[in-house]
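Structural description and commentary
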Amino acid sequence: MTEADDAAPDAEGRTLWHGRFAGGPAEELLAYTVSLPYDRRLAADDIQGSRAHVRGLVRGGILDGDEAAAVLAALDEVEDELAAGRFAFAASDEDIHTAVERRVTELAGAPGAKLHTGRSRNDQVATDLRLYVKRALVEVAERVLHLQGVLLDRAREAGDAYVPGYTHLQRAQPVLLAHHLLAHGWALARDVDRLLATRARADVSPLGAGALAGSSLPLDPSGTAADLGFAAVFDNSLDAVSDRDFVAEALFDLALLGVHLSRIGEEVVLWSTDEFGFLKLDDAYATGSSMLPQKKNPDIAELARGRSGRLIGHLTAILTTLKGLPLAYNRDLQEDKEPLFDAVDQSALALGALGGLLATSRFEVGAMAAAADTPYAAATDLAELLVEGGTPFREAHAIVGEIVRTALEGHGTMADLVAAHPKLGPDAATLLEPGVSVTRRTTRGGAGPIPVAAQLDRFAERLRLDRERVGGA
Ligand code: ARG
């Protein structure tokens with residue numbers, strides 16, 4: 001392939017705007033404005049958009065049946081050449097849009113030169129990118145669903161295993177391991193929701209807006225919108241060619257998804273340390289050290305954490321690019337594509353790698369239970385027991401707090417102090433036994449076995465519905 005650019009001259013030394021210009025473009029201009037290396041990714045969408053445009057030109061009486069057949073056959077050939085990797089990019093190709101048009105004209109002759117009638121690259125690129133976003137967001141959502149499936153499987157397998165729940169990264173109250181895993185699952189469910197909502201807002205055809213103002217020719221934007229499977233058509237041609245809200249929204253969704261994956265990554269890093277010892281990574285999803293023979297490192301988790309910075313950067317980049325733009329199209333908008341493509345690629349890679357890591361890791365339920373079973377973890381249960389007996393919560397909090405302080409000062413064990421307390425006693429001390437505290441959480445959405453069983457069912461049902469929604473999108 002020859003890298004080419006908007007201003008690259010064709011074989012006869014002509015640019016797209018050769019009529020208006022006396023001289024040719026500078027080499028630096030060509031090097032700086034090139035977009036073909038990355039917008040090639042839109043080739044399939046560009047061909048799809050062109051087919052719809054051709055059929056619209058026929059409906060408008062601008063192309064006759066024979067001309068349309070010749071152009072459509074040429075588009076088929078271009079599609080085959082691109083798919084087979086034998087499409088020959090030329091120095092005169094400005095970007096993927098002009099590369100396709102140039103080849104169609106070579107193949108179809110005079111009718112090919114009518115392809116761009118009533119169309120501008122401004123509405124063309126917006127159309128292509130919306131088609132891409134609609135597809136890409138569904139693909140990312142499918143991968144999110146896969147990771148959610150892994151979390152559900154691991155949560156079901158976890159049974160009654162429990163871990164310390166933390167606030168301020170200090171042990172707070174024990175929670176079922178399943179509960180902890182599903183907490184991440186629900187965050188991902190919101191990501192799926194957002195991806196589908198963004199997709200729905202992107203589902204508007206800009207084709208027919210022309211360069212900025214529509215056309216004097218009998219074009220049919222609603223017809224091409226329907227042909228391309230768009231749910232709606234633009235209302236304002238200036239907005240249609242300059243709106244990149246859908247890119248910003250997609251980048252926000254992917255940045256937030258990245259933040260969620262980063263938080264999972266951070267916990268994998270912590271849990272797989274010797275200090276925590278809650279998680280053992282499978283060899284296939286861990287890395288070694290080039291110098292330290294004993295090391296097994298959680299690089300996937302670290303990169304899920306680290307690369308989320310890049311996704312946030314992409315969101316910042318598009319918002320900054322958009323904020324100063326006067327209507328309508330400005331070349332600045334070409335900067336929409338690289339962040340978007342990279343965010344989609346990186347999200348897909350992260351979801352796959354973390355899914356594999358979580359599916360194959362071993363949970364060290366003994367170490368989790370040992371960490372969760374400190375007698376102090378049941379302090380809230382003791383206070384709530386006092387509340388059940390009529391003690392106001394503030395008073396109960398103070399009573400238990402004093403017992404904790406006394407124990408920490410070495411004047412007896414929690415169990416003995418609780419058993420000896422006139423308002424608590426030996427029955428209350430059974431709350432301190434291993435595994436008891438977590439069973440006390442019984443309210444909806446809580447961390448104990450009863451609500452978690454119901455939550456598992458709700459999560460499985462939500463996943464089933466979301467699979468249907470994503471499958472139908
Ligand atoms: N490569 C351009 C982009 O991505 C295509 C549109 C060019 N339009 C123009 N008026 N120069 O934005």
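Residues numbered from 1 in each chain as written. Predicted model: local features only at pLDDT ≥ 70, side-chain atom pairs only at ≥ 80, totals over all residues. Heavy atoms only, no water.

What about unusual backbone geometry?
As a reminder, the rule being used: Secondary structure elements follow DSSP: runs of H or I of four or more residues count as helices, runs of E of two or more count as strands, with numbering from the N terminus. Between buried and exposed lies partly exposed: a residue is buried under 20% and exposed over 50% of the maximum accessible area for its type, with that area taken using a 1.4 Å probe on protein chains only.
Along the chain, Leu327 connects to Ala328 via a cis peptide bond; the corresponding omega equals 0 degrees. Mapped onto the elements of the fold, Ala328 is located in the loop between α11 (299-323) and α12 (337-360). Phi at His168 is positive, roughly 60 degrees, even though this residue is not glycine. With respect to the helices and strands, His168 occurs in the loop between β1 (162-167) and β2 (170-176). Using a relative accessible area of 75% as the deciding quantity, one classes His168 as exposed. The backbone of Leu169 sits at a positive phi, close to 55 degrees, despite the residue not being glycine.

Some remarks on the confidence of the model for the protein chain
Where we set the bar: Per-residue confidence from the predictor is reported as pLDDT, a score between 0 and 100. Residue contacts follow a heavy-atom distance rule, with two residues in contact if any of their heavy atoms lie within 4.5 Å.
On average, the protein chain scores 95 in pLDDT, and the residues at 70 or more come to 96%. Below pLDDT 50 for its whole length, residues 1-5 participates in 23 contacts with residues either more than four positions away or in separate chains.

Remarks on the nonpolar core
Stated precisely, the cut-off is as follows: We call a set of buried Ala, Val, Leu, Ile, Met, Phe, Trp, Tyr and Cys residues a nonpolar core when their side-chain atoms join them within 4.5 Å.
Counting residues in each nonpolar core, the largest one holds 96 residues, and the members touching the most others are Tyr132, Leu177 and Leu261. Top element by residues in this core is helix α6 (residues 121-158). It accounts for 16 residues. Ignoring any residue separated from it by four or fewer positions in sequence, one finds Tyr132 in contact with Arg41, Leu42, Asp45, Leu340, Phe341 and Val344. Counting residues in each nonpolar core, the second largest holds 18 residues, with Val400, Val404, Val418 and Leu432 among its members.

Some thoughts on a nonpolar patch on the surface
Which entries qualify depends on this criterion: What makes a patch is a set of residues exposed beyond 30% relative accessible area and free of salt bridges, joined within 9 Å when like-charged and within 5 Å when nonpolar (Val, Leu, Ile, Met, Phe, Trp, Tyr). Values of accessible area rely on a 1.4 Å probe in the Shrake-Rupley scheme; residue burial ignores everything except the protein chains shown. Salt bridges are defined as contacts in which a side-chain nitrogen from Lys or Arg sits within 4 Å of a carboxyl oxygen from Asp or Glu.
Among the surface-exposed residues, Leu212, Leu238 and Leu327 lie close enough to one another that they form a single nonpolar patch of about 270 Å² accessible area. Its place among the elements puts Leu327 in the loop between α11 and α12. Relative accessible area serves as the criterion here: at 63%, Leu327 is assigned to the exposed category.

A look at the site of the ligand
Worth spelling out the cut-off: Only a single heavy atom is needed: when it lies within 4 Å of a molecule or strand, its residue is near that molecule or strand. Pairs of N or O atoms within 3.5 Å make up the polar contacts considered here, provided that, within protein, one atom can donate a hydrogen while the other can accept it, and that residues adjacent in sequence are counted only when both atoms are side-chain atoms. Residues are sorted three ways: Asp, Glu, Lys and Arg are charged, Ala, Val, Leu, Ile, Met, Phe, Trp, Tyr, Cys and Pro are nonpolar, and all the rest, Gly among them, are polar.
The full set close to the ligand counts nine residues, and Asp95, Asn122, Tyr329, Gln334 and Lys337 are the nearest of them. Note that a nitrogen atom of the ligand is positioned 3.0 Å from one of the side-chain N or O atoms of Asn122. Gln334 has a polar side-chain atom sitting 2.8 Å from a nitrogen atom of the ligand. Protein burial of the ligand: of its 340 Å² of free accessible surface, 87% is covered by the chains. Looking at which element gives the most residues to the shell around the ligand, the answer is α6, with three residues. Broken down by class, the residue content of the shell around the ligand amounts to two nonpolar, three polar and four charged.

Description of the packing of helix α7 (residues 177-202) against helix α10 (residues 245-271)
A pair of packed helices is captured by two measures, namely the crossing angle of their axes and the spacing between those axes. Heads up, the condition is: Note on geometry: axes are C-alpha line fits, over the in-contact stretch for helices, and angles between N-to-C directions span 0 to 180 degrees. Just so you know how the angles are binned, under 35 degrees is roughly parallel, over 145 roughly antiparallel, 65 to 115 roughly perpendicular, and the rest oblique. Each crossing gets its hand from how the near helix is turned against the far one by less than a right angle, where anticlockwise is left-handed and clockwise is right-handed.
Relative orientation of the contacting elements α7 and α10 amounts to 165 degrees, with a least axis distance of 9 Å. Overall, the two elements α7 and α10 adopt an arrangement that is roughly antiparallel. Every pair of crossing elements has a handedness; the one defined by α7 and α10 is left-handed. A class-by-class count of the residues in the contact of α7 with α10 yields 14 nonpolar, four polar and seven charged.

Considerations on α6
So the rule is basically this: For a helix, the expected span equals 1.5 Å multiplied by the residue count minus one.
For α6, spanning 38 residues, the distance from its first C-alpha to its last is 54 Å, which sits close to the expected 56 Å at 1.5 Å a residue. Its side-chain oxygen 2.8 Å from the backbone nitrogen of Asn122, Ser120 forms the N-cap of α6. One or two positions beyond α6, positive phi appears at Gly159, with a value near 55 degrees.

Looking at the packing of aromatic side chains
Formally: Two rings from Phe, Tyr or Trp (for Trp, the six-membered ring) form a pair when their centres sit within 6.5 Å of each other. Planes less than 30 degrees apart are called stacked, planes more than 60 degrees apart edge-to-face, and all others tilted.
If you walk through the whole model with that rule in mind, you get six aromatic pairs. For the ring pair Tyr166 and Phe276, a centre distance of 5.9 Å and an interplane angle of 50 degrees mean the geometry is tilted. In this pair, Tyr166 sits in strand β1 while Phe276 sits in the loop between α10 and β5 (279-280), placing the two residues 110 residues apart along the sequence. Taken together, a centroid distance of 5.0 Å and an interplanar angle of 85 degrees make the contact between Trp186 and Phe459 edge-to-face. A residue pair is termed long-range when its members are at least 10 positions apart, and Trp186 in helix α7 and Phe459 in helix α19 (residues 449-472) qualify at 273 residues. Trp186 gets classed as partly exposed once you look at its relative accessible area, which sits at 23%. Owing to a relative accessible area of 1%, Phe459 belongs among the buried residues under this scheme. An aromatic cluster is built from Tyr166, Trp271, Phe276 and Phe278, whose rings are joined through pairwise contacts.

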